[in-house]
Every structure is written in structure tokens, then in C-alpha cells.
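Analysis of the macromolecular model
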Amino acid sequence: MTNEHRPSRRSVLKAAGGVSAAMALGGAGVLAAASPAGAADDGFGLRIVDRLENDPRMWYYRFATDAIGWQPAVNVLLPDDYHTSGRTYPVLYLFHGGGTDQDFITFDRLGIRAWTAGKPLIVVMPDGGHMGWYSNPVSSNTGPRNWETFHIAQLLPWIEANFRTYAEYDGRAVSGFSMGGFGALKYAAKYYGHFASVSAHSGPASLRRDGGLVVHWANATSALDLGGGTVYGVPWDQARVSADNPVERIESYRNKRVFLVAGTSPDPVDWFSQVNEPQVLAGQREFRGLLDNAGIPHEWHEEPGGHFVRDYMVQRDLDGIIDRLRKA
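Residues numbered from 1 in each chain as written. Predicted model: local features only at pLDDT ≥ 70, side-chain atom pairs only at ≥ 80, totals over all residues. Heavy atoms only, no water.

Here the focus is the packing of helix α7 (residues 209–226) against helix α9 (residues 271–293). With their axes 11 Å apart at the nearest point, α7 and α9 run at an angle of 120° to one another. The orientation of α7 relative to α9 falls into the category oblique. Note that α7 runs across α9; the crossing there is left-handed. Residue-level inspection shows Arg209, Asp210, Leu213, Val214 and Trp217 of α7 in contact with α9, the latter providing Asn276, Gln279, Ala282, Gly283 and Glu286. The class makeup of the residues in the contact of α7 with α9 is 4 nonpolar, 3 polar and 3 charged. (Axes fitted to C-alpha atoms, helices over the stretch in contact; angles between N-to-C directions. Helix = DSSP H or I, 4+ residues; strand = E, 2+ residues; numbered from the N terminus. Parallel < 35°, antiparallel > 145°, perpendicular 65-115°, else oblique. Left-handed = near helix turned anticlockwise from the far one by under 90°. Contact = heavy atoms within 4.5 Å. Nonpolar A, V, L, I, M, F, W, Y, C, P; charged D, E, K, R; others polar.)

Next comes the structure, spelled out in C-alpha cells:
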């Protein structure tokens with residue numbers, strides 16, 4: 001399916017810093033309707049060390065966890081009527097991309113509050129490391145950086161214990177931009193029963209193509225976070241690459257909503273887009289071809305421009321997620 005959603009005026013947003021944490025946070029978490037505000041508890045290997053719960057929608061927590069050698073945070077964006085409705089809601093796990101200015105506040109900077117206004121959906125936006133690749137690395141010289149463990153084994157059950165969410169396949173979606181789009185594709189396949197919808201906005205879908213360029217890129221960039229350690233090892237841990245590689249996990253996308261976005265025309269003077277988006281586009285085309293061959297439905301969009309978050313595509317994705325998941 002090609003994109004026919006062509007608004008006359010596009011607003012395209014690069015993930016960039018510049019907003020203070022205090023302004024962007026808002027806060028994060030809430031329990032069931034009968035529970036007092038701020039009653040979220042420790043559990044699942046997470047110990048709350050900081051919280052802000054004074055915003056009507058955006059609640060924030062920071063944790064101590066053995067999975068990560070520093071204290072990662074999460075923003076949880078609640079529906080407008082969460083505090084009064086008593087309803088249970090579907091949940092979207094939304095992952096940021098890579099870069100020293102990318103973290104759990106990224107999508108708040110970009111406008112996620114406005115994009116979700118009036119929508120019956122909880123959005124969970126965790127830290128994923130500047131170059132964590134949503135993985136437990138083969139090696140680290142800076143202490144534990146086990147992002148996969150933090151997200152899947154700790155944060156997901158913690159969310160479901162402390163918020164009114166559907167703790168089931170049809171109650172969860174996962175999406176992300178760039179490195180986070182890869183993380184979404186990876187988690188949706190590797191943990192098949194967890195997510196009914198998966199979306200990748202400029203996220204790579206093929207690790208081994210072109211001599212394994214994405215694996216080399218993941219190893220090189222993750223070394224900055226890992227003190228010279230790597231996500232996939234040198235030489236590569238081949239079993240780990242295959243387990244994480246969307247194009248090698250095609251059957252794991254059956255019976256899911258799959259949503260893909262890639263740019264077709266990176267700015268010639270934007271070296272970051274020039275390096276990233278052609279590889280993203282080629283990998284997504286390979287992935288789409290394999291989905292087609294397997295008879296697995298998917299929605300795809302090739303959009304003008306390079307490697308950035310397209311707000312109109314995120315909003316289209318949010319509507320599709322709500323349509324696919326169990327209703328609040």
C-alpha cells in the first residue's frame with residue numbers, strides 16, 4: 001500500500017534537544033482508579049528513585065535497576081480522561097532514536113501531547129540509551145547496559161502492574177524512530193505474543209544487507225556507550241544477529257499490524273540523512289518484499305525527505321494503532 005495521505009502542508013520535525021527536562025517531563029504514572037495519585041510501587045527489578053506526578057497527563061519516573069549501570073527514566077503519557085473515566089486502555093511503547101540528544105523526553109519535545117490529545121491510548125516512552133540499540137550487548141566496559149531486559153522483563157510488567165492497561169497481545173503496540181524503529185521491529189518479532197501492532201519510522205529492517213552495514217554501524221556507535229564494547233561482538237555473534245534481524249523473522253509478523261515509513265530524498269547537505277536513509281529505504285524495501293511473498297499484510301509509505309520524524313505519519317500511525325488494539 002503506497003501513501004495517499006499527502007497534506008498540502010507538511011510539518012516535519014527533527015529530533016533535537018533544547019527543551020529542559022523540567023519543562024518537557026510533566027510526569028508519569030498512575031494506578032487503578034481507586035488508588036491515590038503517586039501510588040506506583042517498586043517491582044520487577046525496578047526501584048523508583050525520582051518521580052513527577054503533578055501533570056494531568058505526563059507522568060515521569062526514574063529507576064535504579066541492575067539491568068542498567070545508570071538510572072534510566074520513562075515518561076508515561078495518559079489519556080485526557082484517565083483520572084476520571086475508570087476505563088482500561090491499550091498502550092503504545094514508543095522508542096526514541098540514537099544520538100547524544102535522544103532520550104525519554106524526545107517525543108515530548110516533538111509534540112506527542114498534541115498528537116494524542118483526545119485519543120484513548122497510554123503512551124510509554126522509556127530511555128533506550130544514546131546508542132543502546134534496544135539490545136543486551138555482547139560486551140560492555142561501562143557496566144550493564146541491558147536495554148532489552150529493562151524494556152521487556154522489567155518496564156513492561158511494571159507498567160501493567162501500575163496503570164490501567166490491557167495486559168495482553170491485543171492491548172499493546174510498539175513503535176519507534178530510527179534506532180527505535182529497529183527496536184520496535186526487533187521486539188515485535190522476538191517477543192511475538194507481546195505486541196499486536198509494530199511500526200518503524202525510518203527504522204532499519206535488514207541487518208545483513210550490503211555486507212552487514214547496519215550491524216557494523218550498530219557495533220561502531222554502541223561502542224561509544226559501552227566504552228569500546230559492542231552490541232553484536234567482533235566477530236559477530238551470528239545467532240544474535242539472526243534473532244534480531246527483521247528480514248530473518250518474517251513469520252513473526254503474521255497477524256500483526258505492520259506500519260513502515262522511509263524517506264526517499266535526503267538533503268544532499270545533510271550528511272546524517274545521506275548516511276542513514278538510503279540504507280533504511282533499501283532495507284525496508286527488502287523487508288516489504290519478503291512480507292509480500294509470505295502474504296503478510298502491511299502498510300508502507302515512502303515519503304519525500306530524509307532521516308527525521310514526520311509528525312503527520314506519526315499521527316496516521318497513532319490512529320491505526322488505536323483501530324487495531326482493544327478499545328478502552
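Still more ground to cover, so stick around.
Grouped together as the largest cluster of nonpolar side chains are 56 residues, with contacts concentrated most on Trp158, Tyr253 and Phe287. In this view, phenylalanine 287 contacts Leu185, Ala205, Pro246, Val247, Ile250, Tyr253, Val258 and Leu260; residues no more than four positions away in its chain are not counted. Counting 21 residues, the second-largest nonpolar core is a separate cluster that includes Phe107, Leu121, Val123 and Ala173. (Core = buried A, V, L, I, M, F, W, Y, C linked by side-chain atoms within 4.5 Å. Buried < 20%, exposed > 50% of the residue type's maximum accessible area, 1.4 Å probe, protein only.)

Next up on the list: unusual backbone geometry. In this structure, proline 235 follows valine 234 across a cis peptide bond, with omega equal to 0°. Structurally, the position occupied by proline 235 is in the loop between α7 and α8 (238–244). Despite not being glycine, phenylalanine 44 shows a phi value in the positive range, around 60°. Inspection of the secondary structure assignment puts phenylalanine 44 in the loop between α1 (21–25) and β2 (47–52). We classify phenylalanine 44 as partly exposed; its relative accessible area is 43%. With a phi angle near 55°, tryptophan 133 is a residue other than glycine that sits in the positive phi range. With respect to the element layout, tryptophan 133 can be found in the loop between β6 (122–126) and α5 (147–162).

All right, on to the packing of aromatic side chains then. Scanning the entire structure with this criterion turns up 17 aromatic pairs. Aromatic side chains tyrosine 61 and tryptophan 158 sit 5.1 Å apart centroid to centroid with 75° between the ring planes, which places their arrangement in the edge-to-face category. Of the two residues, tyrosine 61 is situated in strand β3 (residues 58–64) and tryptophan 158 in helix α5; the sequence distance between them amounts to 97 residues. A residue is classified by how much of its surface remains accessible, and tryptophan 158, at 0% relative accessible area, is buried. Between tyrosine 134 and tyrosine 187, the aromatic rings sit 6.3 Å apart at their centres with planes inclined by 80°, giving edge-to-face as the arrangement. One end of the pair, tyrosine 134, is in the loop between β6 and α5; the other, tyrosine 187, is in helix α6 (residues 179–190), with 53 residues separating them in the sequence. Across the ring face of tyrosine 82, the terminal group of arginine 164 is positioned such that the distance to the ring centre comes to 4.0 Å. A cation over an aromatic ring shows up here: arginine 288 above the ring of tryptophan 300, its NZ or CZ 3.7 Å from the ring centre. (Phe/Tyr/Trp six-rings, centres within 6.5 Å; stacked < 30°, edge-to-face > 60°. Lys NZ or Arg CZ within 6 Å of the ring centre and 35° of its normal.)

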